[in-house]
Amino acid sequence: MVETKKKKDIPKIDIYKAWCKGCGICVAFCPTGVLATDEGGYPYVKDIEKCINCGWCEIRCPDFAITVGKKTKEKEKGEIKSEETESERSVAPRE
Ligand code: SF4
Ligand code: SF4
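In this convention, every chain numbers its residues from 1, walking through the sequence in written order. Starting at A for chains and at 1 for ligands, labels are handed out in the order in which the entities are written. Local features are withheld for residues below a pLDDT of 70 in this predicted model, meaning they are given only at 70 or higher, and side-chain atom pairs are given and counted only at 80 or more; totals for whole chains, interfaces and linings count all residues.

> When you look at the overall build of the chain in this model, what are you seeing that I'm missing?
Numbering of helices and strands runs from the N terminus, with a helix taken as a DSSP run of H or I at least four residues long and a strand as a DSSP run of E at least two residues long. Across its full length, the chain carries four helices and four strands. Start at the N end of the chain and walk to the C end: the helices and strands fall as α-β-α-β-β-α-β-α. Buried, partly exposed and exposed are defined by the number of other C-beta atoms within 10 Å of a residue's own C-beta, namely 20 or more, between the two limits, and 12 or fewer respectively, with C-beta atoms placed from the backbone. Evaluated residue by residue, the chain yields a buried proportion of 13% over its 95 residues. A separation of at least 24 residues holds for 52% of the contacts in the chain among residues at least 6 apart in sequence. Each residue gets a C-beta atom placed from its backbone, and two residues are in contact if those atoms lie within 7 Å.

Okay, here's the thing in structure tokens:
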């Protein structure tokens, strides 16, 4: 019962293998052991339920190869921004 509630707060970890060089920094810095290294030396999400969304893996990755999904209102902000741009455009300079 409680698990269902917890799952809502679990962030999403994306690892872009094309950019990852397998340095292992993200695995080393993850404080809760979410990440592990596979046979090829690349990181993978071993236990996402342990993720506390601290963002260390993303901050420490030198190649921007890992991102942590955050629940922010960026989408809303983006909408407001586009509205502002439209209103700015409607103010056309006089000839
Ligand atoms: S956000 Fe923090 S807890 Fe989650 S995988 Fe990255 S380093 Fe680990
Ligand atoms: S820190 Fe970045 S480059 Fe290094 S193993 Fe992790 S995802 Fe790959």
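> Would you mind going over the environment of Val 45 with me for this structure?
The topology assignment puts Val 45 in strand 3 (residues 43-45). Sequence-wise, Val 45 and Gly 33 are 12 residues apart; in three dimensions their C-alpha atoms are separated by 9.2 Å. Ignoring any residue separated from it by four or fewer positions in sequence, one finds Val 45 in contact with Ile 13, Val 34 and Leu 35.

> Mind showing me how you'd approach the site of ligand 1 here?
By convention here, the C-beta atom is placed from the backbone, and a residue is near a molecule or strand when that atom is within 6 Å of it. Around ligand 1 sit 15 residues in total, of which Cys 30, Val 34, Cys 51, Cys 54 and Cys 57 are the nearest. Classification convention: Asp, Glu, Lys, Arg as charged; Ala, Val, Leu, Ile, Met, Phe, Trp, Tyr, Cys, Pro as nonpolar; all other residues, Gly among them, as polar. Partitioned by chemical class, the residues of the shell around ligand 1 number 12 nonpolar, three polar and no charged.

> Would you take a moment to explain the nonpolar core for this structure?
Side chains that are nonpolar tend, in soluble globular proteins, to be buried together. Any set of buried Ala, Val, Leu, Ile, Met, Phe, Trp, Tyr and Cys residues joined through C-beta atoms within 7 Å is what this text calls a nonpolar core. By size, the foremost hydrophobic cluster in this structure holds 11 residues: Ile 13, Cys 26, Val 27, Cys 30, Val 34, Leu 35, Cys 51, Cys 57, Cys 61, Ala 65 and Ile 66. Among residues more than four places away in sequence, those in contact with Ala 65 are Ile 15, Tyr 16, Trp 19 and Cys 20.

> Would you mind showing me how to read unusual backbone geometry here?
With the exception of glycine, most residues fall at negative phi, and the peptide bonds are largely trans. Phi at Asn 53 takes a positive value of approximately 60°, unusual for a residue other than glycine. Note on placement: Asn 53 falls in the loop between strand 3 and helix 3 (56-60). Here Phe 64, not a glycine, exhibits a phi torsion of approximately 55°, which is positive. Note on placement: Phe 64 falls in the loop between helix 3 and strand 4 (66-68).

> How do you make sense of the confidence of the model for the chain when you look at a structure like this?
A low pLDDT means the predicted coordinates there should not be read in detail. Looking at the chain, the pLDDT average stands at 79 and 64% of residues meet or exceed 70. Scored from 0 to 100, pLDDT records how confident the predictor is in each individual residue. A low-confidence stretch, residues 72-88 (pLDDT under 50), is modelled with zero contacts involving residues beyond four sequence positions or located in other chains.

> Sorry if this is basic, but what is going on with the environment of Thr 67 here?
With respect to the helices and strands, Thr 67 occurs in strand 4. With 16 C-beta atoms packed within 10 Å, Thr 67 lands in the partly exposed category. For Thr 67 and Ile 15, which are 52 residues apart along the polypeptide, the C-alpha to C-alpha distance reads 6.6 Å. In this view, Thr 67 contacts Asp 14 and Glu 58; residues no more than four positions away in its chain are not counted.

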